[in-house]
Amino acid sequence: MDWVYVEDIAGHAGREVEVRGWVYHKRSSGKVRFLVVRDGTGLLQGTMYSADKDAPLFQTFDALTQESSVLVRGVVREEKRAPGGFELEIREIVPVQISRDYPITPKEHSTPFLMEHRHLWLRSEKQHAVLRVRAEVVKAIRDFFDGRGFRLMDTPILTPSACEGTTTLFETAYFDQKAYLSQSGQLYNEATAMAFGKVYCFGPTFRAERSKTRKHLIEFWMVEPEVAFATLEDITVLGEDLVLFIIDRVLTRRRADLDILERDVKPLERVAKPFPRLRYEEILPRLQEKGSTIKFGDDFGAPEEALLSEFYDVPVCISHFPAAVKAFYMQPAPDRPDLALGVDVIASESYGEIIGGGQRIHDLDLLEERIREHRLPREAYEWYLDLRKYGSVPHSGFGLGVERTVSWMCGIKHIRETIPFPRLLYRIYP
Ligand code: 4AD
Ligand code: MG
């Protein structure tokens, strides 16, 4: 007898199969027993019929509890009324393990309780839908860059230097030296871009950020393209194309999951190229007018992102930030050296910044100056300075945060549900 996954069940109508999974739900109605089994790929309803309430199959059924593991054998039947359009006429149930007192019951639970049981919460339908969307987003990102001839470069996680400021570094011992967990693969990508032209890295990044918000994780995944000879404009268009590619994939392939999440897809469907482009100085007075306390030189926070979502119902690109608030490597604007050629893409519906990037300094003297100004230890950046000595070219790149993108796609307000095991300011368990 074939072991079949629920998602493939339609191809087995009329045949006897075995499904291996866990008890999701069960109920009785007269001479019929219903058993809903989940196997990780979907839910399948099984039915059993007997006039004898003490039939051996019914006795096995009676002993089953929520999340007991089972092998269920039976014949696949097309059944319009069943979820998924097919059901199993059960002939045999083999319990693998009987679960006792599964803590997540159909009643409402508090978020702290669910977070404490994250290892089990992942089995719930909604969490399942979110994580399937996440897997699709990751696949879409890889397909996008692979399809455009970008070379995948895995950058190191243990590093001797900071990329995004020294205040959020996780320090660890590296034998007799100090090392930091990577905040971004960008600096290494600048080296690989000079070697391969256009590259991307995609991996976990770490920020010891003391911000307890619904948009910050301590460990998050970021995809970072870097392109030699590309300008701020080139990289902005690349970011738009990536966002559109991801949206299209999720809408076409994960519609059922979005339905489970009750995601209104209209705000995603309306996203088109080009996104509104605004300079920092253009948007500042509009934010202030609406009550924001932001001043020239401040970075955007959640209130500013929320206001932007009031002005625009699509993502927006903000560029030309005050250089002083941005990272040391940002190329100054030619006409305004106090502004940086950086771009952030702010998602619609208040989901916040999903992309941060821009054009990098390619001039050796200027970069040396910035390293001094930011009081960074020059020794750790010697190799990075080399890139400006041997065939330096203007180049640009960005980072897109996977979890923020997933929360936007899913319409989930808190980022903690967009990764299987979130690392949060006050939580590293489980
Ligand atoms: O704007 P950020 O800090 O940019 C960089 O790290 C650049 N070095 C990237 C580059 O140019 N190669 O981070 C990029 C994106 C943000 O827009 C956001 O989506 C995500 O990474 N991000 C976070 N996501 C979750 N939790 C956090 N604490 C995040 N910090 C940044
Ligand atoms: Mg940023």
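Residues numbered from 1 in each chain as written. Chains lettered and ligands numbered in written order. Predicted model: local features only at pLDDT ≥ 70, side-chain atom pairs only at ≥ 80, totals over all residues. Heavy atoms only, no water.

**What to know about the site of ligand 1**
Now for step 1: The full set close to ligand 1 counts 25 residues, and E164, Q186, R207, E224 and E353 are the nearest of them.
Now for step 2: R207 has a polar side-chain atom sitting 2.8 Å from an oxygen atom of ligand 1.
Now for step 3: Protein coverage of the free-state accessible area of ligand 1, which is 630 Å², stands at 94%.
Now for step 4: Looking at the shell around ligand 1, the elements with two or more residues in it are β12 (219-228), β16 (352-360) and β17 (395-401). (Near = heavy atom within 4 Å. Polar contact = N/O pair within 3.5 Å; in protein donor to acceptor, adjacent residues only side chain to side chain. Areas by Shrake-Rupley, 256 points an atom, 1.4 Å probe, with all protein chains shown as cover. Helix = DSSP H or I, 4+ residues; strand = E, 2+ residues; numbered from the N terminus.)

**Observations concerning the domain arrangement of the protein**
Now for step 1: When its domains are assigned, the protein resolves into domain 1 (2-97) and domain 2 (118-418).
Now for step 2: Relative to domain 2, the C-alpha centre of domain 1 lies at a distance of 46 Å. (Domains from an automatic or database assignment.)

**Comments concerning the side chain of R423**
Now for step 1: Position of R423 relative to the elements: it lies in the segment after α13 (402-410).
Now for step 2: Comment: no salt bridge for buried R423; closest opposite-charge side chain is E219, at 5.3 Å.
Now for step 3: Sequence-distant contacts of R423, that is, excluding residues within four places in its chain, are made with L217, I218, E219, I428 and P430. (Buried < 20%, exposed > 50% of the residue type's maximum accessible area, 1.4 Å probe, protein only. Lys, Arg positive; Asp, Glu negative; His and termini not counted. Salt bridge = Lys/Arg side-chain N within 4 Å of Asp/Glu carboxyl O. Contact = heavy atoms within 4.5 Å.)

**Digging into the pattern of salt bridges**
Now for step 1: Applying the stated criterion to the full structure yields 39 salt bridges.
Now for step 2: A salt bridge links E18 to R20, with the nearest nitrogen and oxygen atoms 2.7 Å apart.
Now for step 3: The exposure class of E18 is buried, given its relative accessible area of 7%.
Now for step 4: We note a salt bridge from D386 to K389, for which the minimum N-O separation is 3.5 Å.
Now for step 5: Looking at D386, the relative accessible area reads 30%, which means it is partly exposed.
Now for step 6: In this structure K389 comes out as partly exposed when scored by relative accessible area, which is 38%.

**A word on the nonpolar core**
Now for step 1: Membership of the largest hydrophobic core comes to 47 residues, with the highest contact counts inside it found for I141, F145, L242, I246, L400, W408 and M409.
Now for step 2: Secondary-structure elements contributing two or more residues to this core are α4 (125-147), β11 (198-206), β12, α6 (232-253), β15 (339-347), β16, β17 and α13.
Now for step 3: The dominant element in this core, judged by the number of residues it contributes, is α6, at nine residues.
Now for step 4: Each residue touching W408, except ones within four places of it in the same chain, is listed here: V243, I247, R263, L268, V271, P315, A347, S348, E349, Y351 and I354.
Now for step 5: Ranked by size, the runner-up nonpolar core spans 21 residues in total, among them A162, Y180, A327 and Y381. (Core = buried A, V, L, I, M, F, W, Y, C linked by side-chain atoms within 4.5 Å.)

**Topic: the pairing of β16**
Now for step 1: Counting buried positions along β16 gives seven out of nine residues, so the element sits mostly inside the fold.
Now for step 2: Across six bridges, β15 lies against β16 in antiparallel orientation. Directly across from A347, in β16, lies its bridge partner G352.
Now for step 3: Count of turn residues in the β15/β16 antiparallel hairpin: four residues, of which E349 carries a positive phi of about 55 degrees.
Now for step 4: Both β16 and β17 contribute to a ladder of six bridges, which runs antiparallel. Bridge pairing links I355 to L400 in β17. (Pairing = 2+ DSSP bridges.)

**Focus on unusual backbone geometry**
What is expected of a backbone is that most residues other than glycine have negative phi and most peptide bonds are trans.
Now for step 1: Cis geometry marks the peptide bond from K273 to P274; its omega dihedral reads -10 degrees.
Now for step 2: Tracing the backbone through its elements, the reader meets P274 in the loop between α8 (266-269) and β13 (277-279).
Now for step 3: A cis geometry characterises the amide bond from Y429 onward to P430, with omega recorded as -5 degrees.
Now for step 4: Looking at the secondary structure, you find P430 in the segment after α13.
Now for step 5: With a phi close to 50 degrees, F175 is a non-glycine residue in the positive phi region.
Now for step 6: Take F175: it is sitting in the loop between β9 (171-174) and β10 (177-181).
Now for step 7: Residue classification places F175 among the exposed positions, given a relative accessible area of 77%.
Now for step 8: Positioned with a positive phi, H320 is a non-glycine residue whose angle comes to about 55 degrees.
Now for step 9: With respect to the element layout, H320 can be found in strand β14 (residues 316-322).
Now for step 10: You can call H320 buried: its relative accessible area is 10%.

**Focus on the side chain of E18**
Now for step 1: When you line up the elements, E18 lands in strand β2 (residues 16-29).
Now for step 2: Within the structure, E18 has its side chain in polar contact with the side chain of R20 (distance 2.7 Å).
Now for step 3: Within the local environment of E18, its side chain forms a polar contact with the side chain of R73, the two groups lying 2.5 Å apart.
Now for step 4: Setting aside residues up to four positions removed in sequence, E18 forms contacts with M1, D2, W3, V4, L71, V72 and R73.

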